[in-house]
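The lines below spell out each chain.
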Amino acid sequence: FVSSSVQSSMVGVNSPGSVNPYKSELAKMQDSDRPLADDAGGNSPTEALGPQLVADDGATIVASFNAMHDALVASLVDDRAVLLLYMIVYTNHSFLNYCLAKSEPECLLVPILKLLYESQTRQPNNKYMLLIVLLILSQDAMYCSNIHSVDCSLASVPWFTDRILTNITVGSLAVALLIRTFQSNLRLQDSFI
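This section reports on the structure supplied with the text. It should be emphasised that the depicted structure is a prediction, and the values quoted were computed from it without experimental measurement. (Residues numbered from 1 in each chain as written. Predicted model: local features only at pLDDT ≥ 70, side-chain atom pairs only at ≥ 80, totals over all residues. Heavy atoms only, no water.)

### Let's talk about the overall build of the protein chain
Next up, step 1: Scanning the protein chain for helices and strands turns up ten helices and four strands.
Next up, step 2: Along the protein chain, helices (α) and strands (β) appear in the sequence α-α-β-α-β-α-α-α-α-α-α-β-β-α when read from the amino end.
Next up, step 3: Burial statistics for the protein chain: of 193 residues in total, 40% are counted as buried.
Next up, step 4: Counting contacts in the protein chain only where the partners sit at least 6 residues apart, residues at least 24 apart contribute 61% of the total.
Next up, step 5: Total accessible area on the protein chain stands at roughly 10,800 Å², and carbon and sulfur atoms take up 57% of it. (Helix = DSSP H or I, 4+ residues; strand = E, 2+ residues; numbered from the N terminus. Buried < 20%, exposed > 50% of the residue type's maximum accessible area, 1.4 Å probe, protein only. Contact = heavy atoms within 4.5 Å. Areas by Shrake-Rupley, 256 points an atom, 1.4 Å probe, with all protein chains shown as cover.)

Following this line, the structure appears as C-alpha cells:
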C-alpha cells in the first residue's frame, strides 16, 4: 500500500528543519468530488474533467476523498495504512472534515476500534497512532454527538470477546475500548498512554 521509502519519509526521517514534500502534499490535497472553484457558468472544473490528479492551479493534488476513505478502511489491517490514515487526518484538515461529516461515522470508527481491541498483538507505535486518530476525531462535538446517537448503534460486536455487547452505540463502544486500553497499559506501565 505504501512503500517503505515513502513510509520512512512520512515519519520524518529527514534531517531537522527540512521540509518533507510528501507530508506537504498530503496536507494540501483536496477532494476531487467537491468543486474547487466555480466558473461563470456555474460548472466546476472538476465536474467537466472528471477525477484528476492536479487542480487547475497546477499545484494542488486532488483525489476522491470518498475513494481514499473506503480504501483506507479496507486496508487498515496493514500498519502502513494506519500510518497513512494518521498522517492524512493529522495534517489535512479537508480530509478530516470529510471524515467528520460522513453520514455513517461507524464505517471508519469501528475498524479503528477493532484494531485498538487487537492492539496487544500490534506494535506500540501503531496503537499510539490509532489513539491519536481517535483523539482528533473526538475533538468535534457534533461527531461525538453522532457516534453516541441511537442511529449509530451496532446490533452486536462479535470481535469483542470480553463481554457480550448488543445494541451498543459506537460512542459507548469507543469509551469501553479506551477504558480497556488504559487498564491494560497501566498493567504494562506504558509511560506514553
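That covers the picture; the talk isn't over yet.
### Some thoughts on the state of the cysteines
Next up, step 1: In this structure the tally under the stated criterion is zero disulfides.
Next up, step 2: Sulfur of C107: no disulfide; nearest cysteine sulfur belongs to C152 and is 8.8 Å away. (Disulfide = S-S within 2.5 Å.)

### Regarding the packing of helix α5 (residues 79-91) against helix α6 (residues 93-101)
Next up, step 1: Packing of α5 against α6 brings their axes to within 5 Å, and their N-to-C directions diverge by 100 degrees. Taken together, the axes of α5 and α6 are roughly perpendicular relative to one another. Contacts from L85, I88, V89 and T91 of α5 reach α6 at H93, F95 and L96.
Next up, step 2: The residue makeup of the contact of α5 with α6, split by class, is five nonpolar, two polar and no charged. (Axes fitted to C-alpha atoms, helices over the stretch in contact; angles between N-to-C directions. Parallel < 35°, antiparallel > 145°, perpendicular 65-115°, else oblique. Nonpolar A, V, L, I, M, F, W, Y, C, P; charged D, E, K, R; others polar.)

### Side note on the nonpolar core
Next up, step 1: Membership of the largest hydrophobic core comes to 47 residues, with the highest contact counts inside it found for L85, F95, L113, L137, W159 and L173.
Next up, step 2: Secondary-structure elements contributing two or more residues to this core are α4 (65-74), α5, α6, α7 (106-117), α8 (124-138), α9 (141-147) and α10 (170-188).
Next up, step 3: Excluding anything up to four places from it in sequence, L173 contacts L113, L154, V157, W159, F160, L165 and I168. (Core = buried A, V, L, I, M, F, W, Y, C linked by side-chain atoms within 4.5 Å.)

### Here's the deal with the pattern of salt bridges
Next up, step 1: This structure, assessed with the given rule, holds three salt bridges.
Next up, step 2: The residue K28 makes a salt bridge to E25 at a minimum N-O spacing of 3.3 Å. Here E25 and K28 lie together in helix α2 (residues 21-28), a separation of three residues that amounts to about one turn.
Next up, step 3: Take K28: its relative accessible area is 41%, and that puts it in the partly exposed class.
Next up, step 4: The class of E25 is partly exposed, set by a relative accessible area of 27%.
Next up, step 5: A salt bridge links D162 to R180; the shortest N-O distance between them is 2.6 Å. Taken together, the residues D162 in the loop between β3 (153-156) and β4 (166-169) and R180 in helix α10 connect sequence positions 18 residues apart. (Salt bridge = Lys/Arg side-chain N within 4 Å of Asp/Glu carboxyl O.)

### Looking at the environment of E106
Next up, step 1: Looking at where E106 falls in the secondary structure, it is placed in helix α7.
Next up, step 2: The residues touching E106, leaving out its near neighbours within four places in the chain, are P111, C152 and V170.

### Quick notes on unusual backbone geometry
Next up, step 1: For N167, which is not glycine, the phi torsion reads 50 degrees and is therefore positive.
Next up, step 2: Position of N167 among the secondary structure elements: in strand β4.
Next up, step 3: Among the residues examined, N167 registers a relative accessible area of 66% and is labelled exposed.

### Quick look at the packing of aromatic side chains
Next up, step 1: Under the counting rule described, the total for this entry stands at six aromatic pairs.
Next up, step 2: Taken together, F65, F95 and Y98 form an aromatic cluster joined through their ring pairs. (Phe/Tyr/Trp six-rings, centres within 6.5 Å; stacked < 30°, edge-to-face > 60°.)

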